[in-house]
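Inside the fold
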Amino acid sequence: MRPRGLPPLLVVLLGCWASVSAQTEATPAVTTEGLNSTEAALATFGTSPSTRPPGTPTAPGPSSGPRPTPVTDVAALCVCDLSPAQCDVNCCCDPDCSSMDFSVFSACSVPVVTGDSQFCSQKAAIYSLNFTANPPQRVFKLVDQINPSIFCIHITNYKPALSFINPEVPDENNFDTLMKTSDGFTLNAESYISFTTKLDIPTAAKYEYGVPLQTSDSFLRFPSSLTSSLCTDNNPAAFLVNQAVKCTRKINLEQCEEIEALSMAFYSSPEILRVFTLQVPITVQSIVIQSLNKTLTRREDTNVLQPALVNAGHFSHCMNVVLEVKYSLTYTDAGEVTKADLSFLLGTVSSVVVPLQQKFEIHFLQENTKPVPLSGNPGYVVGLPLAAGFQPHKGGALPCQLVAQKVKSLLWGQGFPDYVAPFGNSQAQDMLDWVPIHFFTQSFNRKDSCQLPGALVIEVKWTKYGSLLNPQAKIVNVTANLISSSFPEANSGNERTILISTTVTFVDVSAPAEAGFRAPPAINARLPFNFFFPFV
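Residues numbered from 1 in each chain as written. Predicted model: local features only at pLDDT ≥ 70, side-chain atom pairs only at ≥ 80, totals over all residues. Heavy atoms only, no water.

**Things to note about the overall build of the chain**
Regarding its fold elements, the chain presents 6 helices and 19 strands. By the burial criterion, 28% of the 536 residues in the chain qualify as buried. Across the chain, contacts joining residues at least 24 apart in sequence account for 62% of those joining residues at least 6 apart. As displayed, the chain has an accessible area near 36700 Å², and 56% of this comes from carbon and sulfur atoms. (Helix = DSSP H or I, 4+ residues; strand = E, 2+ residues; numbered from the N terminus. Buried < 20%, exposed > 50% of the residue type's maximum accessible area, 1.4 Å probe, protein only. Contact = heavy atoms within 4.5 Å. Areas by Shrake-Rupley, 256 points an atom, 1.4 Å probe, with all protein chains shown as cover.)

As structure tokens, this is what we get:
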């Protein structure tokens, strides 16, 4: 079945490829001198029926105003004509441009204008500039282009189908008819509001990565900076997207008690939807107070505090202002949020620190898992330790000495060196110039505990050697310190995660450069014997 009101479109496919390839040569070009001197029509290879086919809709009723007729003449089409009654620069098809305007054009922004590319034959308007003429002139050509595709439209019997149909404008005569023919049309404002509200709520039964966290009224707001450093409160927090941002907020200190973004309740009052139905309240875990001299004090209770303006002489202070907010959300592998914790850093703001800088963090932790510190996400970050591990032993608990040996061999690696070259081009035969590595071991013994290596700290000391104009880096000392920690003896069947790390630190021990000067020259001057003549 075809859509109602749309007449059939007669499409004739060419029978074979040979009949198409025989027409691939372009029709001789037709050169015209003016834009409006030629009227091009869509080329057809047959006579279109003059009578209207059955099923063609009648002409629309009277409209509220005149509507433009569809333009299908490529000689009259001009997509770069943007300014009415004005000549657009480098628009060679603009009818508002004169020959004087064409003489100063650098190029034609739209050199070719074609019709519907689905037709087997179509007109094409080609625009160019003749810079050899004095003054330069515009050249316009109207040519026939052949479409070599076998799936091209040969004949169309319904010309209005090539453009959008003018809609029928409701008036006093056809309003009742349009009301009956329009399915689902309603003027009830309440149903429209409820329909649009339902569209904003996700239909999935669980959260997915990047989906905004829904609350009872909208979404969990996570302030951040967008186009500038100023805080934007309408940024949604996305599921499983860890963020840590800093932004600036311009405040009026006299109105600090009325600004919602400075209050704890603005961040702790929303309730996150567990799976778009059940609600998970946000629990305040800790509140730390920062004084004006940067001292930190943790409160024993977690009651919500409100900003308070205090006037002290000529100065004003606003206490209990939110400086840092940290969300910690726990989720399951099924995509449900089960717990929401919140930590605050409150401080006292004076007129000296306005505008105020705030910091916001949000982290997601999976339920029944232990958080492991990462060294990057996903790539490594400079300065963080390398993550490593080994295959655990199966079939019972390992002895302490065996575990210590495995961890130690993992930290040292295969073939840990004994010497380091002082320079990058040091020769292997010059052993006396090489720097030996000094090994140290640190351990903390406890009764009934297992000593396991936990960290390998390598320190490389280097200095600047040579001329001040071109100093060279030289290694002068290397130390490797293996640090062990005490762990309780594990029972058979119990598993434990041990974090090990390797750090390398480069320390510059260059001494301040001292400028050196040559010894002053000795003056050995002899005067002639009659220098003081005739006095002596």
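**Overview of the confidence of the model for the chain**
Put simply, the chain has an average pLDDT of 75, and 72% of its residues get 70 or more. Note on residues 1-64: pLDDT is under 50 here. Beyond four places in sequence and across chains, it has 80 contacts. Predicted confidence is poor over residues 184-203, with pLDDT under 50, and the contacts of this stretch with residues over four places away or in other chains come to 4 contacts. (pLDDT = per-residue confidence, 0-100.)

**Brief notes about the nonpolar core**
The biggest cluster of nonpolar side chains holds 31 residues, and the ones touching the most others in it are Leu213, Tyr267, Tyr327 and Phe344. If you list the elements that add at least two residues to this core, you get strand E7 (243-249), strand E8 (271-273), strand E9 (279-290), strand E12 (315-331), strand E13 (337-350) and strand E14 (356-366). Counting 18 residues, the second largest nonpolar core, distinct from the first, contains Val74, Cys93, Tyr127 and Leu142. (Core = buried A, V, L, I, M, F, W, Y, C linked by side-chain atoms within 4.5 Å.)

**So, the pattern of salt bridges**
This model, assessed by the stated rule, comprises 5 salt bridges. Across the pair Lys339 and Asp341 runs a salt bridge, and its minimum N-O distance is 3.7 Å. Overall, Asp341 belongs to the buried group, its relative accessible area being 13%. (Salt bridge = Lys/Arg side-chain N within 4 Å of Asp/Glu carboxyl O.)

**Observations regarding unusual backbone geometry**
With an omega dihedral of 5°, the bond running from Asn134 to Pro135 counts as a cis peptide bond. Within the secondary structure, Pro135 sits in the loop between strand E3 (121-130) and strand E4 (137-146). At Ala85, a position not held by glycine, the phi torsion is positive, near 60°. Of note, Ala85 is situated in the loop between strand E1 (30-32) and helix H2 (99-102). Non-glycine residue Asn90 carries a positive phi angle of around 60°. Tracing the backbone shows Asn90 in the loop between E1 and H2.

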